[in-house]
Each structure stands twice: as C-alpha cells, then as structure tokens.
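Fold and contact review
What follows is the residue order along each chain.
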Amino acid sequence: MITETPLVIEYLTDNSAAKQQQSWNQVLASATKTVEALLVEVAVPLSELNLRQQACVEFPLLVPQPFINKIEKGNALDPLLLQVLPQSAELEEAPGFIDDPLAEKHSNLQKGLIHKYHGRVLVLLSTGCAVNCRYCFRRHFPYQENRMNKNDWQATLDYVAQDPSIEELILSGGDPLMLNDQQIEKFISQAEQIPHLQRLRIHSRLPVVIPQRITKNLVKTLQACRFDCALVLHINHAREIDSVLISHLNTLKQAGITLLNQAVLLRGVNDSVAAQTDLSKRLFHAGVLPYYLHLLDKVKGAHHFEVSESAAIKLHHQLVSTLSGFLVPKLVKEEAGKKSKTPVPVMHLLPLKAGD
Ligand code: SF4
C-alpha cells in the first residue's frame, strides 16, 4: 500500500491539540523506510539485501520506532520482525495467490466505499498506514483511485443515508487513524446525522505501532458520539502488547469503547498453540477480547505466510480444549463474493492424541 502523509495542520485549533498531534505524527514521520536501516536497528545481518529491496518496489517498507523497539535484537526470525521485513519469497509466483484475493473491486461501489456485507459498509477513510505489514491483503489495492476528499466523504455519507438497512459504519483503510483527530471528529459528526446508523467500528493497527495515537481528543470524540463504538485492533503476537499500549487502551476502555482483536494466522509468527495462547491471555489482560483468527487471504507476495486450513483447524482445536471460551477467537476465512466471513469448521472435540 502507498503510505501518505496525513493532513494534520489545517485542522489544528489549539496548542495542546497541536502538541498531541505532533507527538504521534513525529513518530510517524521518523519511521524506518529502508531494509538496510531496519536490519541495522534490529542487529540482523544484511543478507539478501538486494532481493529484499526488490520486494519493496511495489510495497515499500515502513516501520515506526515503537514497533522496532519490541523486536528482539539479533533474532532474524523474531515474529514481529517477520511481519514487517521484506523477504525474497515475496517475489515468487505461487498458485492461487493473486492481487485482489477478495475480489473487492466488485464491491468497491464508489470512491472509498466497499459494500459487501448486509447492514454494514466499509469506508476507506485513509489510503495510508503507519506500518506496512508484508501479509496485507490490500497490498495491491488501487488506493490511488480511492483517495477521498471532503466531497467524496459527502458522497459516501449520501450513499449510506439512502439505504436504511445500513446500521454500521466500518472505518478501514489503509488505517483510518491516519487521519488527525479533527478530521475524525468531523467525519463522525457528519455520520451522526444519519438516523439509521447505530454503530461505529474502527479497524486500526496504528495504536499497536504508535500507541500515542490514542490521544485524549480521540478518546473524547469516540466517547461523546452517539454511536456504540468498537475499536478492532490488529495484533498478531503477544509481544506487540507492551505496558505503553495497555495504558493507552485503558483510557479507551474507561471511556466505554469496546475493544476487540482480529489476528491473522501467519506461518513463523503465531502458528503455534503457545503463541496463540499467549496472545489471547495478553489481549484479555489488556482489556481486549480475542475476536477473530483469520486464515491468510491469498494475496500475491504473501504465500510464505500461509498456514494450511487443516493445520489451522488442529491448532484451533487445541485452543478450544485448553482455554476459557471467551479467550478463543473464532477461526474464520474470507471468501470472495460471500456476504460474511466463513467460519472454518472446528474439529469434533475428541480428546487429543499424543502428537496432536
Ligand atoms: S495496517 Fe492493516 S491495512 Fe495497513 S498494511 Fe498492515 S494489514 Fe494492511
């Protein structure tokens, strides 16, 4: 995905807001953007540098410092590093791995709007992210064609207003929290004028990579709006959750915002019972409910992350057998053209055999 600089200055109204915005924006502005710099930061040898750089041509590297700080130094297989470090495998063709694995072009009905589920629409409020995750299913998405200006916002809201079956707005992207607080507040206040909208769901990975993105103003806006609000974080590994993130999430929780997580099952990152168990426990400790565990969407350039469906089912079965029910995320996959996520069938709960 193309990363763009968020528009921040024009909406700032007072100095304290400016300081808050500058804080996360400054972190974003100084994010690491080259393979070489990242490898130096994490003390990993510069092997395959040329191929890694080639993998960045279509999908650049981007990693903010707070996320780099969580990576174990000297460990080339660190599960956080693998999510952001380009690999030569991204250049390989793999059967079934394509540019638009969810066929979103068919539901991308107008600029910045995807309507594929009943009662919900997805608004691509931003076309950039604060981190580029190598497994991202939108890594080839035509963001340039979906970049919205304020008139397009209105067109999106007009679309929602004319369909009373739409009760929920899903803010996605890119990452919707790339917009500054004033822009988010403005969009929400416009959306509040649509009487049949009841819920607002924000999907974001930004708090995980720059926790200070959860500003007081953002919390205030979400708390004050008339919608039932949920923030869906995208956390794939327990080590992504540190004390700084927990303290920021606490402010959202205290404001009554529902916190959920959806993870992607990624080979080498979190495809073990231990990794998933730690993730679920850590999420709950942070006040976040494990919600979905997704099979990888088959996007071109990400085949090396794939975990087979049978292995995923087996892993999930072990989670069901050992964790409290509320700590077990639903195992799902997304299929092009389907009106909802598809639950991946869970094995009949027989006792596990040795070696399972
Ligand atoms: S933050 Fe989400 S949308 Fe952005 S690159 Fe990562 S997975 Fe893709």
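Everything below is about the structure printed above this text.
This report concerns the structure included in the present document. (Residues numbered from 1 in each chain as written. Predicted model: local features only at pLDDT ≥ 70, side-chain atom pairs only at ≥ 80, totals over all residues. Heavy atoms only, no water.)

**Observations regarding the nonpolar core**
A general feature of soluble globular proteins is that nonpolar side chains tend to end up buried together. Definition in use: Residues grouped as a nonpolar core are buried Ala, Val, Leu, Ile, Met, Phe, Trp, Tyr and Cys residues, joined through side-chain atoms within 4.5 Å. Partly exposed describes any residue whose relative accessible area lies between the buried limit of under 20% and the exposed limit of over 50%, with all areas from a 1.4 Å probe on protein chains only and scaled to the type maximum. Throughout, a contact is declared for two residues whenever any of their heavy atoms are within 4.5 Å.
In terms of nonpolar packing, the biggest core is built from 96 residues, with Leu38, Leu169, Leu200, Leu222, Leu249 and Leu252 touching the most fellow members. Discounting residues that sit within four places of it in the chain, Leu169 has contacts with Val121, Val123, Val160, Phe187, Ala191, Leu197, Arg199, Leu200 and Arg201. Counting residues in hydrophobic clusters, the runner-up holds six residues, among them Leu122, Leu124, Tyr143 and Ile170.

**Some thoughts on the side chain of Gln83**
The condition is simple: In this description a helix means any DSSP run of H or I spanning at least four residues, a strand means any run of E spanning at least two, and both kinds are numbered starting from the N terminus. Distance and chemistry together define a polar contact, namely a pair of N or O atoms within 3.5 Å, with one atom able to donate a hydrogen and the other to accept it when in protein, and with adjacent residues in sequence counting only for side-chain atoms on both sides.
Turning to its location among the elements, Gln83 is positioned in helix H5 (residues 79-84). The class of Gln83 is buried, set by a relative accessible area of 0%. Only 2.9 Å separates the side chain of Gln83 from the side chain of Arg205, close enough to count as a polar contact. Setting aside residues no more than four positions away along its own chain, Gln83 makes contact with Asn132, Cys133, Arg134, Tyr135, Arg205, Asn236, His237, Glu240, Leu266 and Val269.

**Considerations on the pairing of strand E4 (residues 199-204)**
The condition is simple: For two strands to be treated as a pair, DSSP must find at least two bridges joining them. Here, the term right-handed applies to a crossover whose path from the first strand over the helix to the second runs clockwise when the strands point away from the viewer.
The buried fraction of E4 is high, at five of six residues. Sheet topology note: the strand E3 (residues 168-172)/E4 ladder contains four bridges and is parallel. Counted as the bridge partner of Glu168 is Arg199 from E4. Assessed by its sense of winding, the connection that carries the chain from E3 through helix H8 (residues 181-191) to E4 is right-handed. Taken together, the six bridges between E4 and strand E5 (residues 228-233) define a ladder with parallel strand orientation. Of the residues in E5, the one forming a bridge with His203 is Val232.

**Thoughts on empty space enclosed by the protein**
What counts here: Using a grid of 1 Å spacing that covers the protein atoms alone, one calls a set of points a cavity when a 1.4 Å probe fits there but cannot get out, and a pocket when the set is open and has protein on both sides within 12 Å along at least five of seven lines; lining residues are those with an atom within 4 Å of a point. Grid points are joined across faces, edges and corners, and a volume is the space filled by probe spheres set on the points. We call Asp, Glu, Lys and Arg charged. Ala, Val, Leu, Ile, Met, Phe, Trp, Tyr, Cys and Pro are nonpolar, and the rest, Gly among them, are polar.
Per the counting criterion, the structure on display carries two cavities of 30 Å³ or more. What the largest cavity holds in volume is close to 50 Å³. Considering the residues around the largest cavity, the lining is formed by Asn261, Ala263, Gln276, Leu279, Ser280, Leu283, Pro290, Tyr291, Tyr292 and Pro329. Only strand E6 (258-264), helix H12 (273-285) and strand E7 (289-294) provide two or more residues apiece to the lining of the largest cavity. Here the element with the most residues in the lining of the largest cavity is H12; it accounts for four residues. In terms of residue class, the lining of the largest cavity is built from seven nonpolar, three polar and no charged. Volume-wise, the second largest cavity comes out at about 40 Å³.

**A short note on the layout of surface pockets**
Over the atoms, a rolled probe matching the size of one water molecule traces out where space is still vacant. Computed from the structure, the largest pocket encloses a volume of approximately 750 Å³. Among the elements of the structure, strand E2 (120-124), E3, E4, E6 and E7 are those that each provide at least two residues to the lining of the largest pocket. The class makeup of the residues in the lining of the largest pocket is 19 nonpolar, eleven polar and ten charged.

**Section: unusual backbone geometry**
Where the residue is not glycine, phi is negative for most of them; where a peptide bond is considered, it is trans in most cases. Located in the positive-phi region is Glu48, a residue other than glycine, with phi close to 55 degrees. The phi dihedral of Ala103 falls on the positive side, at around 50 degrees, and the residue is not glycine. With respect to the element layout, Ala103 can be found in the loop between H5 and strand E1 (113-114).

**Remarks on a nonpolar patch on the surface**
As a reminder of what qualifies: To count toward a patch, a residue needs a relative accessible area over 30% and no salt bridge; like charges are then connected within 9 Å, while nonpolar side chains (Val, Leu, Ile, Met, Phe, Trp, Tyr) are connected within 5 Å. Values of accessible area rely on a 1.4 Å probe in the Shrake-Rupley scheme; residue burial ignores everything except the protein chains shown. By definition here, a salt bridge exists when the distance from a side-chain nitrogen of Lys or Arg to a carboxyl oxygen of Asp or Glu is within 4 Å.
There is a patch of nonpolar side chains on the surface, built from Phe284, Leu289 and Phe326 and spanning about 280 Å² of accessible area. With respect to the helices, strands and loops of the structure, Leu289 is situated in strand E7. Accessibility expressed as a relative area gives 36% for Leu289, which makes it partly exposed.

**Here we look at the pairing of E3**
Burial of E3 is extensive: five of the five residues sit out of reach of the surface. Across the two faces of E3 the burial is the same, with Glu168, Ile170 and Ser172 and Leu169 and Leu171 all buried. Of the strand pairs in this sheet, E2 and E3 are connected by five bridges, and their pairing is parallel. Along E3, the bridge assignment pairs Val123 with Leu171.

**Quick notes on the sheet that holds E2**
In space, the nine strands of this open sheet follow the order E1-E2-E3-E4-E5-E6-E7-E8-E9, with mixed pairing throughout. Two strands in the sheet have a free side with no partner beyond their single neighbour: E1 and strand E9 (342-343). In this structure, E1 lies alongside E2, joined through two bridges in antiparallel fashion. Pairing of Leu113 across the sheet is with Val123, part of E2.

Remember, this is a structural readout, not a statement about activity or role.
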